[in-house]
Amino acid sequence: MQLTAGMYLIVLPLVFLAAVVDSIGGGGGLISLPAYTLAGLDYGHASGCNKFSACFGTLASTIKYARSGKILWLPALLAAAAALPGAWLGTRVSILLSTRFMNYFMLVAIPVVGVLVALKKNVEAESKPLTRGRQALCLLVGLLTGFYDGFFGPGTGTFLILLFTAMTGMDMVTASATSKPVNLASNLSSLITRLAAGQVIFALAVPAMVLSVLGGQLGTRLALMRGAKFIRYVMLGVLALLTVKLAVELL
C-alpha cells in the first residue's frame, strides 16, 4: 500500500492524543482505530497498525504506573494471564470476518461504549478483600475483555477500569494503573496474531508507535497529578466526541 503525507498528518496527531487518553482512563482506541481507517486503511491493516502503536504506548504507561506503586499486581496478573488466549481468539475471529462487517460493527459499537460509560455513576472507593471468588472473576474479566480487545479493541481499558472498581473497590487511579498490564497482554497477543497475518504496515506503524509512547508518558503523568475526577471527565469527553463524529458520518 502506498503511503502519503496526508495519511501521516491524519494518523500521527490522533495516535498521540489516543495514547494520552488511554493512559488516563482507557478508550484510546476510540480515537486511534478510526484514525487509521480515516487515513484509508482497510479494517485489518488499521487494526494491525493500531495494535502495534498501542502495544508500545501501553508498555510505557505500564512501566510509569509500576514505578509509582499504583498497580495491584495479583488481580492484574490474573486478568493478564487470561487475556492472552482471549485476545488471540478474538483476533482470529475478526480476521475471518470481512472488512465491511467490521466497519459496520465499529460504527455501532463505539456509540454503545460511550453510552455505557456515560451511564456509569461515580462510586466511593471501598476496598474489598481479594477472595478466591474475586480472583476467579479477575480471570473471567481478563478472558472476556481480552477477546473483546482482539476482536474490536476500543474501550477495553475503560471496561477494565469499571470492572476493577466494581469487583475490588479500587479507586479510579489504582484501577487505571492495574488495568494497564492486562491491556498490554491483550494488545501483545493480538499484535502477534496480526503480524502473522501480515496486517501491519511498518512504515506507518513505527512513527505512530513513537507518538504513542510519548502520549502515554504525558497521560500517565496527568492521571497521577490530577486524580479520579480528571480521569472520568476525559473518558466521558472523548466518548461523547466520538459518538457525535460517528453519528455525523452515519447521516
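Residues numbered from 1 in each chain as written. Predicted model: local features only at pLDDT ≥ 70, side-chain atom pairs only at ≥ 80, totals over all residues. Heavy atoms only, no water.

Take the overall build of the protein chain next. Each helix and strand in the protein chain was counted, giving 10 helices and zero strands. Reading the helices (α) and strands (β) of the protein chain from amino to carboxyl end gives α-α-α-α-α-α-α-α-α-α. Across the 251 residues of the protein chain, 53% fall into the buried class. Of the contacts formed within the protein chain by residues at least 6 apart in sequence, a portion of 84% connects residues at least 24 apart. As presented, the protein chain carries roughly 11100 Å² of accessible surface, and 71% of it is formed by carbon and sulfur atoms. (Helix = DSSP H or I, 4+ residues; strand = E, 2+ residues; numbered from the N terminus. Buried < 20%, exposed > 50% of the residue type's maximum accessible area, 1.4 Å probe, protein only. Contact = heavy atoms within 4.5 Å. Areas by Shrake-Rupley, 256 points an atom, 1.4 Å probe, with all protein chains shown as cover.)

Moving on: the pattern of salt bridges. Evaluated as defined, the whole model comprises one salt bridge. For Asp149, the salt bridge goes to Lys51, with nearest N and O atoms at 2.6 Å. Of this pair, Asp149 sits in helix α6 (residues 132-151) while Lys51 sits in helix α3 (residues 43-68); the two residues are 98 residues apart in sequence, bridging distant segments of the chain. Of the residues examined, Asp149 reaches a relative accessible area of 2% and is grouped as buried. (Salt bridge = Lys/Arg side-chain N within 4 Å of Asp/Glu carboxyl O.)

Time to look at helix α8 (residues 172-196). Relative to the 36 Å expected for 25 residues at 1.5 Å per residue, α8 spans 36 Å between its end C-alpha atoms, a close match to the ideal helical length. Of all the bends found along α8, the most pronounced is centred on Lys180 and spans about 30°, while Pro181, a proline, follows it within four residues. Most of α8 sits out of view: 21 of its 25 residues are buried. (Expected span 1.5 Å × (residues − 1). Bend = angle between axes of the 7 residues up to and from the residue.)

Taking 1.5 Å of rise per residue, the 24 residues of helix α4 (residues 73-96) would be expected to cover 34 Å, and the 34 Å separating its terminal C-alpha atoms lies within 8% of that figure. Within α4, the axis deviates most sharply at Ala83, by approximately 30°, and proline Pro85 lies no more than four positions further along. Within the span of α4, buried status applies to Pro75, Ala76, Leu78, Ala79, Ala80, Ala82, Ala83, Gly86, Ala87, Gly90, Thr91 and Ser94.

In this description, a pair of aromatic rings is defined by centroid distance and the angle of the planes. Applying the stated criterion across every chain, the model contains five aromatic pairs. Judged by centre distance (5.2 Å) and plane angle (55°), the rings of Phe52 and Phe56 are tilted. Residue Phe52 and its partner Phe56 are located together in helix α3, separated by four residues, close to a single helical turn. These aromatic residues form a ring-pair network of at least three members: Phe52, Phe56 and Phe202. (Phe/Tyr/Trp six-rings, centres within 6.5 Å; stacked < 30°, edge-to-face > 60°.)

Looking at where Leu89 falls in the secondary structure, it is placed in helix α4. Expressed as a C-alpha distance, the spacing of Leu89 and Ser189, which sit 100 residues apart in the sequence, is 9.3 Å.

At a closest axis distance of 8 Å, the pairing of helix α7 (residues 156-168) and α8 adopts a crossing angle of 125°. When the interaxial angle is binned, α7 and α8 end up oblique. Here α7 and α8 pass one another in a crossing that is right-handed. In contact with Thr156, Gly157, Leu160, Ile161, Phe164 and Thr165 of α7, α8 contributes Met172, Ala175, Ser176, Thr178, Ser179, Val182 and Asn183. Class assignment for the residues of the contact of α7 with α8 results in six nonpolar, seven polar and no charged. (Axes fitted to C-alpha atoms, helices over the stretch in contact; angles between N-to-C directions. Parallel < 35°, antiparallel > 145°, perpendicular 65-115°, else oblique. Left-handed = near helix turned anticlockwise from the far one by under 90°. Nonpolar A, V, L, I, M, F, W, Y, C, P; charged D, E, K, R; others polar.)

Moving on, we get to the nonpolar core. Within the largest apolar cluster, 28 residues are counted, with the highest numbers of intra-cluster contacts made by Val11, Tyr36, Leu41 and Phe152. Put simply, the parts of the chain that give this core at least two residues each are α1 (5-25), α2 (29-38), α3, α5 (99-119), α6, α8 and α9 (202-226). Ranked by size, the runner-up nonpolar core spans 13 residues in total, among them Ala79, Ala83, Phe164 and Met172. (Core = buried A, V, L, I, M, F, W, Y, C linked by side-chain atoms within 4.5 Å.)

Our focus in this paragraph is the environment of Ala19. Tracing the chain through its elements places Ala19 in helix α1. When its relative accessible area of 8% is taken as the criterion, Ala19 is described as buried. Remark: the alpha-carbon pair of Ala19 and Ser53, spanning 34 residues in sequence, is separated by 9.0 Å. Apart from residues lying up to four places away in sequence, Ala19 is in contact with Ser212, Gly215 and Gly216.

Where α2 meets α3, the closest approach of the two axes is 9 Å, and the angle between their N-to-C directions is 135°. Comparing the axis directions of α2 and α3 gives the class oblique. For the pair α2 and α3, the sense of crossing is right-handed. Touching Ser32, Leu33, Tyr36 and Thr37 of α2 are Tyr43, Ala46, Ser47, Cys49, Asn50 and Ser53, all from α3. Of the residues contributing to the contact of α2 with α3, the split by class is five nonpolar, five polar and no charged.

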